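Descriptive analysis of the structure
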Amino acid sequence: MKTFLIAALIIFWFTKLPAQQDSSCRCTSVLSEIVHDIETSYPGFPSKTSSNPKAYLIHKQLLVSKAANISDRENCFYLLEKYLSYFGDNHLLLSDRTTKPKPHLMNGETAHKASNGQSGIEGTWRRDSDGFSVAIRRIQKNTYRAFVMDSANEQTRISSSYFDLLGDRDQFRIRRYDSFLTTDLMRGRVMGNTLIEPGGTWTRKVKGKPFQKPANYTDAWNKNFSHHKLGPGTYYMAIPEFSMDPLKFDSIVVNDIIPAISAGRTRHLILDLRNNFGGNSSFLSLIRLVYQKPIALAGDYVYSTPKMIARYTRSKNPLHQKMLPGLVAGPGKFVQRDSTRYFLKESLTYPQQVSIIVNDNCASSTEYLLVISRLSSKVKIYGRPTAGTLDYSELLGPEPLSCKGYSFMVPTTKSFWTDNRPIDKTGIIPDVDLSQYPENQWVQIVEAQKL
């Protein structure tokens, strides 16, 4: 069994596709293309439809009939999004970089109802960092819309829609009006009079009471990569995404971070991964900080489809060439890769304890890092359950679609745990749940833990 590292769960940013044969968009055509990709190439399709194939067929047929009456890109996108939602897989990624949601204007009734909201999501909210205010009103079941009430940004139109919240107060996803359409949406939630989402922390404006900025306000979001000594015996790293060149990031870990921790004999490392949706293989460098002994993980499964066989046939990768006969011999089946091994010459004396902070926006390669890190007795995970985007993985690039500007990506492998211990439905559960505390307190809470 060979020892090797794999760049697991590499997620490519959506890029513009090459010019298509037809620049027009027919919703029925693009839906047909996506359905074909799902039914023939998506490794989760067999398990997610076999228990109730009739339900899936009804879902598909209903949307096919609706697609015939849709002529604009935005509504077509929402229909495609609804089709994909059947599978509950955040790695089924669709975007349209040419289209933003059409803005809506707030009417008097909406403003009145929103201003009187005193609980739940509805109400008037002010962003703690800059005083930006929105009125949030329920539009339909599980859909809330935020309208701009007051803004220091002259580019933002008063009374215009700012974002939609899709879900309920326990967990919602955010669709912004200043960004292109995508199914890759971040999450947020409401805690009493605090609304938490990746754009910032918001405080409810209570009618008849002056707004007061929270005392000792600190931003709850690690928006930039940073690393520094936090206090006596504690070192802090904030990594909002794994997008850095893996060799460059490894150089920072080896030449800057590890020497700083070792020289100070720093016992405690806080690794803040909140809102890290994943990215490339740079996360593998962090294994150095948690490593104790050789790690072996069972191999993932490659779904044998005509598309995968063609890709492996073209590939010069010796691992692909080794697997090719198995894929050819078992169309429609899963072929397991060799185990993945991680071996380092030595483990670090410091840090002695690694606290990893996560929330419901941690996904993909970030979650894979957690799977590896939990094998170390040094590690304890704090925060909220993660997004759950790991059962089906390894995105190889956008699929070609006839609708120019649309970009669609499908996972190609099944993780070794998926059949018996799926992650996507629950996310990765932290060892210590901090859901009851506002996120701008989490770092201080974790720092104060007894080691």
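Provided above is the structure to which this section pertains.
**Thoughts on the packing of aromatic side chains**
Between two aromatic rings, the relevant description is the distance of the centres plus the angle of the planes. In total, this model carries 19 aromatic pairs according to the counting rule given. With 6.0 Å between their ring centres and 85 degrees between their planes, F163 and W202 make a pair best called edge-to-face. Note that F163 is positioned in strand β5 (residues 161–168) and W202 in strand β10 (residues 200–204), a separation of 39 residues in sequence. Judged on exposure class, the residue F163 and its partner W202 are both buried. These aromatic residues form a ring-pair network of at least three members: Y42, F45, Y56, Y83, Y86, F87 and Y392. Its guanidinium or amino end placed over the ring of F132, R127 lies 4.7 Å from that ring's centre, counting from NZ or CZ. One cation-aromatic arrangement involves K414 over Y301; the distance from NZ or CZ to the ring centre is 5.5 Å.

**Some thoughts on helix α6 (residues 246–263)**
Its 18 residues give α6 an end-to-end C-alpha distance of 24 Å, which sits within 8% of 26 Å, the value for a rise of 1.5 Å per residue. The axis of α6 is deflected most strongly, by about 30 degrees, at V253. Buried within α6 are the following residues: F249, D250, I252, V253, I257, I258 and I261. Looking at the buried positions of α6, the neighbouring elements they touch are β11 (226–231), β12 (234–238), β13 (268–272) and α7 (287–290). The N-capping residue of α6, defined by a side-chain oxygen 3.1 Å from the backbone nitrogen of L247, is D245. Downstream of α6 by a residue or two, R265 has a phi angle that is positive, lying close to 45 degrees.

**Some thoughts on the pattern of salt bridges**
Under the definition given, this model contains 20 salt bridges. Measuring nitrogen to oxygen at the nearest pair gives 2.6 Å for the salt bridge that ties R175 to E81. Pair noted here: R175 is in strand β6 (residues 171–176) and E81 is in helix α4 (residues 73–85), with a separation of 94 residues, a long-range link. By relative accessible area, R175 is classed as buried at 7%. Close ionic contact of R274 with E439 constitutes a salt bridge, the shortest N to O distance being 3.7 Å. Placement of the pair is R274 in the loop between β13 and α7 and E439 in the loop between β23 (432–433) and α11 (442–447), with a sequence separation of 165 residues. Residue R274 is classed as buried on the basis of its relative accessible area, which comes to 3%.

**Overview of unusual backbone geometry**
The peptide bond linking Y350 to P351 adopts the cis configuration, its omega dihedral lying at 5 degrees. Position of P351 relative to the elements: it lies in the loop between β17 (340–342) and β18 (353–358). Phi at R265 takes a positive value of approximately 45 degrees, unusual for a residue other than glycine. Tracing the backbone shows R265 in the loop between α6 and β13. Positive phi, normally seen in glycine, also occurs at N275, with a value near 65 degrees. Within the secondary structure, N275 sits in the loop between β13 and α7.

**As for the environment of L195**
Topologically, L195 is positioned in strand β9 (residues 194–197). L195 gets classed as buried once you look at its relative accessible area, which sits at 0%. When the C-alpha positions of L195 and G120 are compared, they lie 9.6 Å apart, and in sequence the two are 75 residues distant. Apart from the residues lying within four places of it in its own chain, the contact partners of L195 are W125, I136, L165, F172, R189, V190, G200, T201 and W202.

**Things to note about helix α10 (residues 365–373)**
Side chains three or four residues apart in an α-helix point the same way, a direct result of the helix having 3.6 residues per turn. Burial runs high along α10: nine of the nine residues are buried. Within the sequence span of α10, burial applies to S365, T366, E367, Y368, L369, L370, V371, I372 and S373. Taken together, the buried residues of α10 touch β13, α7, β14 (295–297), β17, β18 and β19 (379–383).

The rules behind the values
Residues numbered from 1 in each chain as written. Predicted model: local features only at pLDDT ≥ 70, side-chain atom pairs only at ≥ 80, totals over all residues. Heavy atoms only, no water. Phe/Tyr/Trp six-rings, centres within 6.5 Å; stacked < 30°, edge-to-face > 60°. Helix = DSSP H or I, 4+ residues; strand = E, 2+ residues; numbered from the N terminus. Buried < 20%, exposed > 50% of the residue type's maximum accessible area, 1.4 Å probe, protein only. Lys NZ or Arg CZ within 6 Å of the ring centre and 35° of its normal. Expected span 1.5 Å × (residues − 1). Bend = angle between axes of the 7 residues up to and from the residue. Contact = heavy atoms within 4.5 Å. Polar contact = N/O pair within 3.5 Å; in protein donor to acceptor, adjacent residues only side chain to side chain. Salt bridge = Lys/Arg side-chain N within 4 Å of Asp/Glu carboxyl O.

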